[in-house]
Amino acid sequence: MSLLQVEDVVVQFGGVTAVNHATFEVVAGSVTGLIGPNGAGKTTCFNVITGLQRPTSGHVRFDGRDITRTAVHRRARRGIGRTFQRLEAFGSLTVADNVRVALDIHEGFRGIFRPGDHDVDELLERVGIAEYAAERADSIPTGTARLLELARALACQPRLLLLDEPSSGLDEAETEAFGALLVELAGEGCTVLMVEHDMDLVMSVCDEIHVLDFGSVIAAGTPAEIRVDPKVQRAYLGYSDEGQGAHVAESLDETKVLAR
Amino acid sequence: MDSFLSYTFIGLFTGAAYAIAASGLVLTYSTTRVFNIAHGAVGMVFAFVYWDFSQRQHMPAWLALALVLLVVAPAFGVFVQRVLTRGLGSQPIGVSLVVTVGILVGLIGVATQIWPPASRTVPQFFAGHLITLGNVVITWHQVLTVVLSGVVAGCLYLLLNRTRIGTAMRASVDNPDLLQLYGGRPQLVAALAWAIGTSLAALAGILLTPVIGLQYYDLTLLVISAYAAAMLGKLTSLPMTYVGAMGLGILQSYAVGYLPSAGNVAGLRAVVPTLFLFGIIVLLPQAPLRIGQVKGLVSAPVPTLGRASIWGGALVLFAMLLAVGLSTSNLLLLGTAATYAIVMLSLVLLTGYGGQVSLAQFTFAGVGAVAYAKIDQPNLFGLLVATLVAAAVGALVAIPVLRLTGLYLALATLAFAQLMDKLVFQASYAFQFNNPLHAERLSVLGLKIDGTGSYTVMMTIFFVLLALGVIAVRRGRLGRILIAMRDSQAACGTLGLDLRWLRVGLFAASAGIAGLAGALFAGLRGTIVANDFQFFASLLVLLVAVIWGVTSVTGAAIGGVFLMYLPVAQSDHANIAGLLFALLGFGAVALGRDPNGLANKIFGFNSWVVDRLYPALAERYPGMALRSRTDEWDGAVDGVDDESLAASGTEVERDVVVAG
Amino acid sequence: MSIPILEVVDLHAAYGRIEVLRGVDLRVPRGAVVALLGPNGAGKSTLLKVISGQMEQTSGDIHLAGVHVAGAKPDELARLGLTTVPEGRSVFPNLSVEENLQLMSYAGVPASQVLDTAYSYFPRLHERRYQLAGTLSGGEQQMLALARALTSDPALLLLDELSMGLAPLIVDELYETVGQIAQTGVSILVVEQFARTALRIADYAAVMSGGRVVATGEPDEIGSIMADVILGGVA
């Protein structure tokens, strides 16, 4: 069953079309990847889904309901959480307070009776940044801040989690742990939609991948299908003469060696 | 029909002057993103300069005009852009509001210092020359103004569309960084925009002076009309600004001509620009949530409740000592200081924690005072009602601008303050014109607090209790949410926070605190008049709060005493009264970029002693066993970070070499 | 060997506490086209920002034609002959095409000559000269941006991600123009995510990763490893 449906969404800024009739679905309980070259409109899609950007035309459905015109905070309350590509951590609060504030917002008045800081510690522990708890959020490394945004989003117990380039700034081991966490989350019923440039990560954790180019979905399928799709090759490496795509596909299969 | 025609002509004249002022505002705002609240004050000062040149120094009118418009005003504009407001465009909107309010107050100070209050007249241009059309009489001055507004529009059109620097000006509206990559000089463009903008404010001021008189405040408030007109063009479109200005001028003229000149609606005639501004602000479309990299602010330290209680207790004890020792008139001053301090507490909540700016905080105090006097219940119940009334009014101001942010909310409060000053406070259900209201002193739980000394102590207790409340909010859930909202609206929204209603609630709470201060003040004085709550006082409260630190309760306490002392100092040293305003205004310009203010410098003293002074002494006199604090943690993180990335870097290099 | 038009030595730069450039060394020989490739977040755009004066380095040196430039503002560098076409749509959307072109005359070429050159390369811009740049298609906007590279007679041209969000055919067209500019002897440093497109016109190529230049060489050598670097999982 699809949890999220993006239907024929168009976003125009002035004369430039950032998203051009994009249509895709995210299946409940899956980890879905949204990939594509720079400027393909991935972040704009996220903004449309979370309500930060109103589409020029088209619809967004969440859990069967049309939320195209729903306010940002209502979508969040229905269960859409996200992280940001350009960090939006609360810089003047500590790492622990960042998560605490998310719990405060999520729980509303009920939260007044929240017993202790158990939840906060647990969330920080889960994403693996408990050691930074007392640091100010604007003084931690990028990768850590991304994990903090993840912890903050998880505090609101989202049903759909949108992650915008979550692994940039993480090292190899952290990326691996992060991938495992995503799979675990999906298993618990938190569907994940992720924009990501780390192909190893995308290929290893995603159930399905949508490829966006010039604002349109040019391919969709399992990692194995995407890997050999010539359209995807072309989108990533540029327009090229016939025949070269196959060569690249081969080299793609071979390359697993490079660390960041 | 004749009167209709002549009102139309008067409206066109006023509208033309508004258009000149408003186009200057649009020019400066759109090129540098600094909204100049002092635009009207600039016009006021240069009207005085023109008077000085033409009347006092007896220069010919044309020479005086040329000197002002082509030399003095542009030079001042460049000075403001280069020195006072440089780099403000990229700062939070609150900072640029505070700085330009500082300039406004500073300019009024300068004007009163150089040209002390006296009767001055500026004759019309071509005085005595009239044009008669049937029964309608038009002065050459009016015709000149309309012609000049056309000339200004034409020149601006040519400048912006037919010259490279004008094209560069429009380009820098789009993208100043890119203009720089093109080889253009954004600083030059900005300086030119401010030179022209200032000159246009001066021209509008000079043209309007013969009609509205050479006064400090009326010309300063010209800015509201200019905003209203500029807002129709969304602060960027010059043609729409002209349409707005002309429409507003004519509307105002008809209001003067056709609305009754007596009764409760009489005041309406004076507030047409304000209502116009309100209307346009309300009709503006929803502002999107801002997304962007967030830099945290360094806040003043927040004391624990226990520690704050000890300080509060000490403060109350000190007030008791003073209550015994001081004369009644000095006690009244102390009570006034407590009033100001409580109003500043309301700003700590709103501006210091919430990041919103209000230019009407003392007006809310006035609402509380009037409510307290009118319901005539001098007890805690009456106080509560006064507080709630002020809070409700605060919510009423915030709700229409719910969808908008920063600048527009601040402008709405300015319009509101103006509306209250001119319309509501003057009406029969409030003060009426110059009519004092009587209020009795408070009784707490049946105990009448009659003596000025005990009343002052009680006000201090109120201040301490509210301060503890504000600290508790800051340390609690709500405080965290407020800081989060200030840091990133987009993140708060996507976590499920309804920013709009939080903002309204915050605004209402802040107005309520100010209203409480007003009610207490009414009891202190016994009689209050509309003049006690003029909008100008709100500006002073804001500036003093920012100077002493709008992020801390200590700042509010010191600021309250400081603001109480200001008029005392002014009456003691009447010859430098204006200078003190100027110092205050330009002090805020200097300190406005750091909301933590001077109070934070005091907090920093201790750690300065430990971190800087001790090590320095220890180095010089090794014998002294002084210990310094070191920030080990910081260094450690940097080291680890660099190392891991450095390691991964070499790995990539190796691999690539192998692959190649 | 003559003095290179651009030499970058051990350049470091940071956003706040986050170091993005960790000791970059790079040379652009006079008259050469150098393609700077690498995965997202490698620091390519940051490097261009530092070279063009939009961002300050924390340490390291930049020499332009042998002259050490330090603390120069972007507009000063631009008037000295450094033309930068930044990432994204680098035109003024609320200005007409012709006004955009007029602003390109800051580098010293008369406005009329700018218009002539631009229109002869891109006749489509002439058709749309009174249209607001913001209403042009993405490819047309990029042509307009590239017109500045054509008309300002630069000593060094920095191109950042010309292809972003554009259809492959249009990208090819744009790079044909870049090739023409290169043939007139202009030195070019081009940052591009479409490795193959950029390598076609390049004389040399460099690969950045993790804030450093990790490989340099002939286009062919570099081309053979690029698929690995970009799609192979280097974050």
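Residues numbered from 1 in each chain as written. Chains lettered and ligands numbered in written order. Predicted model: local features only at pLDDT ≥ 70, side-chain atom pairs only at ≥ 80, totals over all residues. Heavy atoms only, no water.

A.B. asks: Explanation requested: the overall build of chain B in the structure shown.
C.D. replies: Tallying secondary structure elements over chain B gives 26 helices and six strands in all. Against the globule reference of 26 Å for 660 residues, chain B gives a C-alpha radius of gyration of 27 Å, in line with a compact fold. Overall, the C-alpha framework of chain B stretches about 90 × 90 × 50 Å when taken along its three principal axes. Here chain B holds 660 residues, and the buried ones make up 55% of them. Looking at chain B alone, contacts between residues at least 24 apart form 78% of all its contacts between residues at least 6 apart. Entry remark: accessible area of chain B is about 26600 Å², with carbon and sulfur atoms responsible for 66%. If you average the places of the 34 positive and of the 26 negative side-chain charges in chain B, the two averages end up 8 Å apart. (Helix = DSSP H or I, 4+ residues; strand = E, 2+ residues; numbered from the N terminus. Rg over C-alpha atoms; globule rule 2.2 N^0.38 Å. Buried < 20%, exposed > 50% of the residue type's maximum accessible area, 1.4 Å probe, protein only. Contact = heavy atoms within 4.5 Å. Areas by Shrake-Rupley, 256 points an atom, 1.4 Å probe, with all protein chains shown as cover. Lys, Arg positive; Asp, Glu negative; His and termini not counted. Charge placed at Lys NZ, Arg CZ, Asp CG, Glu CD.)

A.B. asks: I keep staring at the nonpolar core and nothing clicks. Help me out?
C.D. replies: Nonpolar side chains in soluble globular proteins tend to end up buried together. Formed by 332 residues in total, the largest nonpolar core has its most connected members in Leu520(B), Leu101(C) and Ile188(C). Here this core gets 16 residues from one element, more than from any other, and that element is helix α21 (residues 499–525) of chain B. Not counting the four nearest positions on each side in its chain, Leu520(B) is found in contact with Ile342(B), Leu383(B), Leu442(B), Tyr455(B), Met458(B), Met459(B) and Phe462(B). (Core = buried A, V, L, I, M, F, W, Y, C linked by side-chain atoms within 4.5 Å.)

A.B. asks: Please clarify how the sheet that holds strand β9 (residues 208–213) of chain A should be interpreted in this entry.
C.D. replies: What holds strands together in a sheet is hydrogen bonding between their backbones, with the strands either parallel or antiparallel. Residue and element names in this part refer to chain A. With mixed pairing, six strands are arranged side by side in an open sheet as β6-β7-β8-β3-β9-β10. Each end of this open sheet is capped by a strand with a single partner; those strands are β6 (80–82) and β10 (216–221). Taking the axes of each pair of neighbouring strands and ignoring which way they run, one obtains an average angle of 20 degrees across the sheet. With three bridges connecting them, β6 and strand β7 (residues 160–164) associate as parallel partners. Within β7, the position partnered with isoleucine 80 by the bridge is leucine 160. Packed on one face of the sheet, helix α5 (residues 142–155) meets β6 and β7 and runs near 165 degrees to β7. (Pairing = 2+ DSSP bridges. Axes fitted to C-alpha atoms, helices over the stretch in contact; angles between N-to-C directions.)

A.B. asks: Looking at this structure, I do not really get helix α14 (residues 328–353) of chain B. What am I missing?
C.D. replies: An α-helix turns once per 3.6 residues; consequently, residues spaced three or four apart project the same way. Residues and elements named next belong to chain B. End to end, α14 covers 36 Å across 26 residues, agreeing with the expected 38 Å (1.5 Å per residue, within 8%). In α14, a bend of some 35 degrees at leucine 347 exceeds every other bend along the element. Summarising burial for α14: 20 of the 26 residues are buried, a large majority. Phi turns positive, to about 75 degrees, at glycine 355, one or two residues after α14. (Expected span 1.5 Å × (residues − 1). Bend = angle between axes of the 7 residues up to and from the residue.)

A.B. asks: Sorry if this is basic, but what is going on with the side chain of Thr456(B) here?
C.D. replies: Here Thr456(B) is to be found in helix α18 (residues 452–475). With near-sequence residues (within four places) excluded, Thr456(B) lies in contact with Leu331(B), Leu334(B) and Gly335(B).

A.B. asks: I would appreciate a short explanation of the pairing of strand β6 (residues 82–85) of chain C in the present structure.
C.D. replies: Residue and element names in this part refer to chain C. Side chains Leu82 and Thr84 of β6 all project onto a buried face; the interleaved residues Thr83 and Val85 project onto the opposite face, where all are buried too. One ladder, built from four bridges, connects β6 with strand β7 (residues 156–160); its direction is parallel. Looking at β7, one finds that threonine 83 is bridged to leucine 157.

A.B. asks: Looking at this model, I keep getting lost on the confidence of the model for chain A. Mind explaining?
C.D. replies: Where the model shows low pLDDT, its predicted coordinates should not be examined in detail. Across chain A, pLDDT averages 83, with 87% of residues at or above 70. Every residue in residues 239–260 of chain A is under pLDDT 50, and counting partners more than four places away or in other chains gives 42 contacts. (pLDDT = per-residue confidence, 0-100.)

A.B. asks: Explain the packing of aromatic side chains here, please?
C.D. replies: The relation between two aromatic rings is expressed through the spacing of the ring centres and the mutual angle of the planes. Enumeration over the complete set of coordinates arrives at 20 aromatic pairs over all chains. With a centroid separation of 5.2 Å and an interplanar angle of 25 degrees, the aromatic rings of Phe364(B) and Phe416(B) are classed as stacked. Taken together, the residues Phe364(B) in helix α15 (residues 361–375) and Phe416(B) in helix α17 (residues 406–424) connect sequence positions 52 residues apart. For the residue pair Phe364(B) and Phe416(B), the accessibility class agrees, reading buried in each case. Taken together, Phe4(B), Tyr7(B), Tyr254(B) and Tyr258(B) form an aromatic cluster joined through their ring pairs. When the ring centre of Tyr106(C) is taken as reference, the NZ or CZ atom of Arg164(B) above it lies at 4.0 Å. (Phe/Tyr/Trp six-rings, centres within 6.5 Å; stacked < 30°, edge-to-face > 60°. Lys NZ or Arg CZ within 6 Å of the ring centre and 35° of its normal.)

A.B. asks: Explain the side chain of Ser510(B) to me, please; I cannot follow it from the model alone.
C.D. replies: Residue and element names in this part refer to chain B. Inspection of the secondary structure puts serine 510 in helix α21. Serine 510 gets classed as buried once you look at its relative accessible area, which sits at 1%. Discounting residues that sit within four places of it in the chain, serine 510 has contacts with Ser346, Leu349, Leu350 and Gln361.

A.B. asks: Please clarify how the pattern of salt bridges should be interpreted in this entry.
C.D. replies: Pairing between side chains of opposite charge can happen when their charged atoms approach one another. Counted by the stated rule, this structure contains 21 salt bridges over all chains. Among the salt bridges present, the one from Lys448(B) reaches Glu440(B), with a minimum N-O distance of 2.9 Å. Judged by relative accessible area, Lys448(B) falls into the partly exposed class, the value being 37%. Glu440(B) gets classed as partly exposed once you look at its relative accessible area, which sits at 43%. A cluster of three or more residues bridged by salt bridges with shared partners is formed by Arg124(C), Arg128(C), Glu140(C) and Glu173(C). (Salt bridge = Lys/Arg side-chain N within 4 Å of Asp/Glu carboxyl O.)

A.B. asks: I tried to follow the environment of Asp498(B) on my own but got confused; where do I start?
C.D. replies: Counting through the fold element by element, Asp498(B) comes out in the loop between α20 (489–494) and α21. Judged by its relative accessible area of 17%, Asp498(B) falls in the buried class.

A.B. asks: How should the state of the cysteines be read in this particular structure?
C.D. replies: Between two cysteines, a covalent bond joining their sulfur atoms is known as a disulfide. All chains considered together, the criterion is met by zero disulfides over all chains. Take Cys156(A): it sits in no disulfide, and the sulfur closest to it among the cysteines is that of Cys492(B), at 10 Å. Residue Cys492(B) is classed as buried on the basis of its relative accessible area, which comes to 0%. (Disulfide = S-S within 2.5 Å.)

A.B. asks: What am I meant to see in a nonpolar patch on the surface here?
C.D. replies: All names here are of chain B. A cluster of nonpolar side chains, contributed by Phe126, Ile131, Leu133, Trp140, Val143, Val147 and Val151, occupies part of the molecular surface with about 570 Å² of accessible area. Where the nonpolar patch is concerned, the elements lending two or more residues are β1 (130–133) and α5 (140–162). Per-element accounting of the nonpolar patch gives the leading share, four residues, to α5. The topology assignment puts valine 147 in helix α5. A relative accessible area of 47% means that valine 147 is categorised as partly exposed. (Patch = residues over 30% accessible without salt bridge, like charges linked within 9 Å, V, L, I, M, F, W, Y side chains within 5 Å.)

A.B. asks: What should I look at first to understand the confidence of the model for chain B in this one?
C.D. replies: All names here are of chain B. Counting all residues, the mean pLDDT for chain B is 84, and 90% of those residues have values of 70 or more. The low-confidence segment residues 627–660, where pLDDT is below 50, has 38 contacts with residues more than four positions distant or belonging to other chains. Reported for the predicted complex are a pTM of 0.83 and an ipTM of 0.87.

A.B. asks: Mind showing me how you'd approach a negative patch on the surface here?
C.D. replies: All names here are of chain A. Residues Asp171, Glu172, Glu174 and Glu176 make up a contiguous surface patch of negative charge. Relative to the helices and strands, glutamate 172 is located in helix α6 (residues 172–187). Residue glutamate 172 is classed as exposed on the basis of its relative accessible area, which comes to 52%.

A.B. asks: Honestly, unusual backbone geometry in this entry has me stumped. Any pointers?
C.D. replies: It is generally the case that most residues other than glycine have a negative phi and that most peptide bonds are trans. Positive phi values are uncommon outside glycine, yet Asp63(A) reaches one of about 55 degrees. Look at Asp63(A) and you get partly exposed, because its relative accessible area is 35%. One non-glycine residue, Asp153(C), adopts positive backbone phi at about 50 degrees. Along the chain, Asp153(C) turns up in the loop between α6 (138–151) and β7. For Asp153(C), a relative accessible area of 60% translates into the label exposed.

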